[in-house]
Amino acid sequence: VAGVPAAGFTTPCDVIKTRMQSGGLPGSSAPVLGLRETVRSMWVNEGPAAFFKGVGPRVGRVAPQLAIALCAYEGLKRCFPDAPAPAP
């Protein structure tokens, strides 16, 4: 459950990282910018909403991913009820 809000809250960091990584790629006209320049450029040219581009798909991907992981964990716990704890 906590992974869904966490994905939403960390979206701005992910968007900034992606913008920085995509600058300077072949076919990209965007120059490679540092962190401050990237944040400033996004804020000035696109506004605060730019930091949350793609939040819907990102949260939509995380929710099922966490549900599958939790179900798999619970299923494996039932398959191995008497499994000894790992030795330290």
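Treat the numbers as computed from the prediction; the structure is a model and nothing was measured.

Draft legend 1. A look at the packing of aromatic side chains. Tallied over the full model, the rule gives one aromatic pair. Geometrically, the ring pair formed by Trp43 and Phe51 is tilted, given 6.2 Å between the ring centres and 45° between the ring planes. For Trp43, a relative accessible area of 51% translates into the label exposed. Given a relative accessible area of 9%, Phe51 falls into the buried group.

Draft legend 2. Molecular detail of the state of the cysteines. By the definition in use, this model includes zero disulfides. In this structure Cys71 is not part of a disulfide, and its nearest cysteine sulfur, from Cys79, lies 13 Å away. Given the relative accessible area of 56%, Cys71 is considered exposed.

Draft legend 3. Representation of helix α3 (residues 35–46) in the model. Its 12 residues place the ends of α3 16 Å apart at the C-alpha level, agreeing with the 16 Å of an ideal helix rising 1.5 Å per residue. Of the residues trailing α3, Gly47 is marked for its positive phi of about 85°.

Thresholds, definitions, all that
The numbers attached to residues start from 1 for each chain and follow its sequence in the written order. At least 70 in pLDDT is required for a residue's local features to be given in this predicted model, at least 80 for side-chain atom pairs to be given and counted, and no such filter applies to totals for whole chains, interfaces and linings, which use all residues. The side-chain quantities take in all heavy atoms of the structure and omit both hydrogens and water. Aromatic rings from Phe, Tyr and Trp, taking only the six-membered ring of Trp, are treated as a pair when their centres fall within 6.5 Å; an angle between ring planes under 30 degrees marks them as stacked, one over 60 as edge-to-face, and anything in between as tilted. Buried residues are those whose accessible area, probed at 1.4 Å on protein chains only, stays under 20% of the maximum for their type, while exposed residues exceed 50% and partly exposed ones sit between those limits. The term disulfide is used for any two cysteine sulfur atoms that are within 2.5 Å. Per the convention used, a helix needs a DSSP run of H or I reaching at least four residues, while a strand needs a run of E reaching at least two, with both numbered from the N terminus. Given a helix with a known number of residues, its expected span is that number minus one, times 1.5 Å.

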